[in-house]
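# Survey of secondary and tertiary structure
So the chains spell out like this:
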Amino acid sequence: MSLGLFFFLAVLAALSALGVIAQRNPVHCLLALAVNLLDIGVMFVGLGAVTVGFLQIIIYVGAIMVLFLFVIWLLNLQAEGFSGYLGLKLFGAIGAAALAAEFATLFLHTSRISTPGASALTQGTITTLGRHLFSDYLVAFEITSLLLLAAVVGAIGLARRPPLSAGLSAAAGSDLATAESPRQMSRSMSVSAEQQTTTPRAGSA
Amino acid sequence: MTHDFPALGLILLFPLLGVIFNIFFGQRCGRRVVNFIAPAAIFLAFAAALAAFATLLGMPRGAALGFDLWPWIEAGRFHFDIAFRFDALSGVMVLVVTGVGALIHLYSDGYMGEDEDYARFFAYMNLFAFAMLILVLANNLLLMFVGWEGVGLCSYLLIAFWYDNAEFAYNGRKAFIVNRVGDAGFVLGILTLISALASSGIWTLTFTEMAKHRETLAPVATLAGSLLFLGATGKSAQIPLYVWLPDAMVGPTPVSALIHAATMVTAGVYMVARLNFLYALSSQAMTIVATVGAVTAIFSATIAIVQPDIKRVLAYSTISQIGYMMLGVGVGAFASGIFHLMTHAFFKSLLFLGAGSVIHALDGEQDMNHMGGLKRTMPVTWVTMLVAGLAISGIPPFAGFFSKDAILASTYASGHIWLWAVGVVTAGLTAFYMFRLLFLTFHGASRIDASKRGHVHESPAVMTVPLVILALCCLIGGWIGLPDGILWGDAFGRFLMPICPTLKLTPAATLARGSLSPAVLSAIAFGLAVSGIALAWSFYVMTPGLPARLARNLSPLYRMLLRKYYIDEIYNTLVSRPLFWLSQVVLFRGVDSAIIDGAVDGTGLGVEASGEGLRRIATGNVQHYALAYLAGVLAIAGYYVYLVHRH
Amino acid sequence: MTPISYFLVLSALLFAIGVLGVLIRRNVIVMLMSIELMLNAVNLAFIALGRQVGSIDGQVIVFFVITVAAAEAAVGLGIVIAVFRNRATVNADELNLLRW
Amino acid sequence: MLIELVIGAIKAIVIVLLVLGLSGVLLWFERKGAALIQDRIGANRAAVFGWGRRLGLPNLGLVNTLLADPLKLFTKEDFVPDGADHFLHGLAPFLALFPILIAFAVVPVGDTLRVAQRNVNLQAAHVDVAALYLLAVIGIGVYGLALGGWASNNRWSLLGGIRASAQMISYELALGLAFLAVVVTYGTLDLQEICRLQGGVWFGWLPRWGILVQPVSFLLLLTAGMAESKRVPFDVPEAESELVAGYFTEYSGGKQAVFMITDFAEVVLVAVLVTLFFFGGWQVPWLYADGFHFPGPHGVFLPLPNYVVAILQIVAFWLKTVFFCCFQILVRWTLPRFRYDQLMQFGWKGLLPVGVLNLILTAFVVVIAGAHY
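Let me begin by describing the structure that accompanies this report. (Residues numbered from 1 in each chain as written. Chains lettered and ligands numbered in written order. Predicted model: local features only at pLDDT ≥ 70, side-chain atom pairs only at ≥ 80, totals over all residues. Heavy atoms only, no water.)

Time to look at the overall build of chain B. Helices and strands together make up the secondary structure of chain B, namely 28 helices and 3 strands. Across the 647 residues of chain B, 56% fall into the buried class. A separation threshold of at least 6 residues defines the contact pool for chain B, and within that pool the share at least 24 residues apart is 80%. Accessible surface, chain B as shown: approximately 25700 Å² in total, 70% of it carbon and sulfur. (Helix = DSSP H or I, 4+ residues; strand = E, 2+ residues; numbered from the N terminus. Buried < 20%, exposed > 50% of the residue type's maximum accessible area, 1.4 Å probe, protein only. Contact = heavy atoms within 4.5 Å. Areas by Shrake-Rupley, 256 points an atom, 1.4 Å probe, with all protein chains shown as cover.)

This is the structure:
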């Protein structure tokens, strides 16, 4: 990958990453993240990992991000303010900066990384990838399938709407803010979720 | 030398099957089945033992039968098997245990058959037989210890058999605790032997193997012998640990006969005889054994003189007789000790069973002051007990004469003149208190309570048959060990000689041997015994008022004897009270409450307090946790940055 | 050609931005996004280092990371929905039931 | 180096223009086709100063659809609703169109063409995992619709956007399975290679087109592709009777035109994929690199120069593509719309299991046969 292309992609990646954490509206954050992931996927392709690059785009951008989008809509998330603990932000910023600095120092000064190695460019054709995946990493691969199955079951179990129980109508009118127990709250939530229509309130609102 | 003989397993198997049956099916199958199964198990074991014994007799002297069941412990280089050895010594013991045991089981059918908990009783009895057989058949010290503990457990269980009586349960605990003291010594003895042997690269406790390493054992012989003998004093009720045995008489009378007279309490004697190679290495240990035995013999005989309770008299008599056995093995006459063990098993179990018969007839009455004149109503019991009394008193040709005489002769021959004197006096005392017992019970006027007088009766056949058989044994059982030179001489001693040879202890023995001939020695003992009987006759038959007068005139002495030299009180004051005090004040209030509880509570309080303080960190905000996490990552990464920059 | 260390530095930068996002954003979903950002940065490092040492293993690992990220996102979002249903909020600093 | 760039740019521009042009033509075809099926004349009024009528030509409505409509659309007010997200509202149509257009970058429209000692691959970009690339860009296509629907600040729009994204994600699975079956069959992800493999004949006369070995996959791809393009009977995201116009309810003027072009570009993309995977792509029956080899007992051979072969291939490719575009439009006016739950059931419980079974069967056969296509 040429240096110019790298810097273009790198700046784009950094900007979009900052966009993820700096924008008020979650949808905008998500868009920035999608851009970032695409950008990194392109970088993978540029680094020779063509298959993984496209997989990254298909899975991350095409599936996971859409899932996020769904959830944002489902929860009708609005733009949020940046209130909260100032100390946390301060320490977070300092810590993150220190982390970046430390990692950058490590990467730049560790001789085995920073010096261009022998770099036998066995590039990632899908054949070699598949060959490794289904021989050396076969067990891990199979376990991954189990993990995905478990994740599917778990996600369905978690997000499943609890069955509407009797005596719901009593709780239906109660305000969420005055609900005392989480269970009570969940009851009124599940009702009001029925009633409310998801309406986007964009950043200008 | 050792011949494989798997049928040895049968000797153990039958009682074990009896235990299993009685525990799991006994109460369900009913009395008749249990009353048949339990003695049958022991009779079968006796038959197997007889077969083994016959095989042994057919083999050359000193041979042994062996049976390796399976490996037991394999720890490092240590290797113990569940393995059994049937030689002359253990053969005699097995025959005594199973033979006398079988008769007592049979007797128990009559004595205990009507008890509510018959299945439990017979399960315990069979279990006792099983444990005792393991004890005597074991071919190594560790397996022997298993049996040793097993019989201790059964003893405890059977003493406290009627556990709903608080005093009985207390006496059971007493027996158990006193035995623990002795067993601690036994364990220490075993460990001493192990450490001595292992440091020389000998990784076994098998008797025959140990016997080959005398030079290794010699340095620790005194220590190990004394410690093991401490265990024997506990199990065999010798000074200072005899105190549990008289109290153990609260158990059912067959138990007293089997465990606390015939078999278990003689385990210490058997152990000393079994380890004769060890004791032979240390004259100090031998002296301790002999002295303790002699002192115990005369000490408990004096107590027995005045006790009113028929079973207590027999209990002290047992202690005294075991003292004789200890004296015998202590002076190196192992065969004589075992011989006396065997004859004692006959006459003492007979005495107990007879006493049981009397108690049974008198509906639980044990005080001899409320007996008398029973010889007409209970002729079989009277005759058989008379035989036993003659035997224990050492009247020829009854069994006790030969065995007691052999011990006294050996003692005299070994040069312990004082011990011999003690033994002879004890023989006189024995004759006195034994005939006191007989006269008070069977002769004179009846002092039986009016309420019980009506149904005094001779016991049923199932109880009298064992009495008769045992009486026959008392009569002729001693003839296998006649003094040298008469008929076949000391066949028993010759039979046992390869296993436990008689020791020639001191040069003084040769000096002493010349002074008095064996015949004279026998005559002295016999004379004392006869005079004891005569004294008893004059005291309790001719002039029944004399003892009471004497008691009044010699009140302090009488009371001291009646109160058993205040030993229980002394123990109470010297041992129990300080122990209780130590436990209550120092250990409980001081150590447990203050230190241990304090540490535990303090730990809890400390954790609680620190948690109270630290929980402020748990804000519940995941970002705070993440920040802490980041700090950790920063530290680790920082360390690597430091490493990178140092190079 | 771009030196590998440039990619790694970019990766470090993206990772730090992801960390920052997790630390300063109150919205749980945005925090999850920031985690994806971090995973992504790690992926970049894997690919770059795999190229550096001429090994396919980096790509295989990234393959697994992507899979795990998918599972994590599914479960994470399921939890967010369940929490929202009970608490009517996705603000991290309001979800402090585990507070002392 | 530079010449390569120039050639690449030319190829890219040409194919994009071709697609856009074809989209316009399809708009006309759709209108006239609808009229045909509904037994009416259709667009027939607009004319450029009446020239055509003066020349006695029948008014085919070409002016209406190709000139007047775009002109109208691109001159209308660009209306953004109150409360809408201006940035995303403006971005969304192009976010929708862009991935579809770049998908054509890997479509081979012909074999190599020799121009001035240079072999020109008639494919804008040669990517050896082109099938993955296609899946990736189709997946990105969701964002335009979803964000457009969300950014409009309109409930119909949002519902349309949600429906669109849910539908696309659902049918992407069936699409991917159809792709996989094809990929397993041919043993490559390279579209050019897939086309080449479909050259030649079986039994001496039967062209080796993929439809003969993967009929199930063909049906899957066609169905799922039509669902991906959100056309009738899968047009629930823009169901006018339910949601006004779905995600582009609040769009007007040029931005709506872009959405429409996207729609037709997707139709073209589906047609292209079907052509590539199952109907030989640019293959002309019995045409080889050196000319025609007709089947038959005497094996007539008609030698042709390279450029003629290339032109024939390009023409054949586009003819096939247009055929499948027309087929899709005919389907549109033939079938009624699915209900939303039927749509989801059809996708998850119909196409997906069939696709999985087909893939397993294909893999099985490939392993048994021990060889690729």
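The structure having been displayed, the exposition proceeds.
Time to look at the sheet that holds strand β7 (residues 301–303) of chain D. As a general point, the strands of a sheet are linked pairwise by backbone hydrogen bonds and lie either parallel or antiparallel. Residues and elements named next belong to chain D. As summarised here, the arrangement of the 3 strands in space is β5-β6-β7, forming an open sheet in which the pairing is antiparallel. The sheet is open, and its two edges are formed by β5 (287–288) and β7, each paired on a single side. With 3 bridges connecting them, strand β6 (residues 291–293) and β7 associate as antiparallel partners. Each residue of the ladder has a partner; that of Phe292, found in β7, is Leu302. (Pairing = 2+ DSSP bridges.)

Attention shifts here to the sheet that holds strand β2 (residues 64–75) of chain B. All names here are of chain B. Pairing is mixed in the open sheet, where 3 strands are placed in the order β1-β2-β3. Where the open sheet ends on each side, the last strands, each with one partner, are β1 (2–4) and β3 (78–86). The mean inter-strand angle of the sheet, taken between neighbouring strand axes irrespective of direction, is 50 degrees. Sheet analysis places β2 next to β3, joined by 9 bridges and oriented antiparallel. Bridge assignment links Glu74 to a residue of β3, and that residue is His79. (Axes fitted to C-alpha atoms, helices over the stretch in contact; angles between N-to-C directions.)

Each partner contributes to the interface: chain C provides 71 residues, whereas chain A provides 92 residues. Across the interface of chain C and chain A, roughly 7200 Å² is buried in total on both sides, 76% from carbon and sulfur atoms. In this assembly, chain C and chain A are joined by 0 salt bridges. Taken together, chain C and chain A are joined by 7 residue pairs in polar contact (both at pLDDT 80 or more). Secondary structure elements with two or more residues in the side of chain C that touches chain A: α1 (4–24), α2 (28–53) and α3 (57–87) of chain C. (Buried area = accessible area lost by both parts, 1.4 Å probe. Salt bridge = Lys/Arg side-chain N within 4 Å of Asp/Glu carboxyl O. Polar contact = N/O pair within 3.5 Å; in protein donor to acceptor, adjacent residues only side chain to side chain.)

Our focus in this paragraph is the interface of chain D and chain A. Counting from both sides, the interface comprises 28 residues of chain D and, opposite them, 28 residues of chain A. Here chain D meets chain A over a buried area of about 2500 Å², counting both sides, of which 77% is carbon and sulfur. For the chain D face of the interface with chain A, the top three residues by lost area are D:Leu132, D:Tyr143 and D:Trp150, together amounting to 27%. Counting across the interface, chain D meets chain A through 1 residue pair in polar contact (both at pLDDT 80 or more). Where the side of chain D that touches chain A is concerned, the elements lending two or more residues are α4 (86–103), α5 (130–140), α6 (142–151) and α7 (155–186) of chain D. Broken down by element, the residue count for the side of chain D that touches chain A peaks at 7 residues, all from α7(D).

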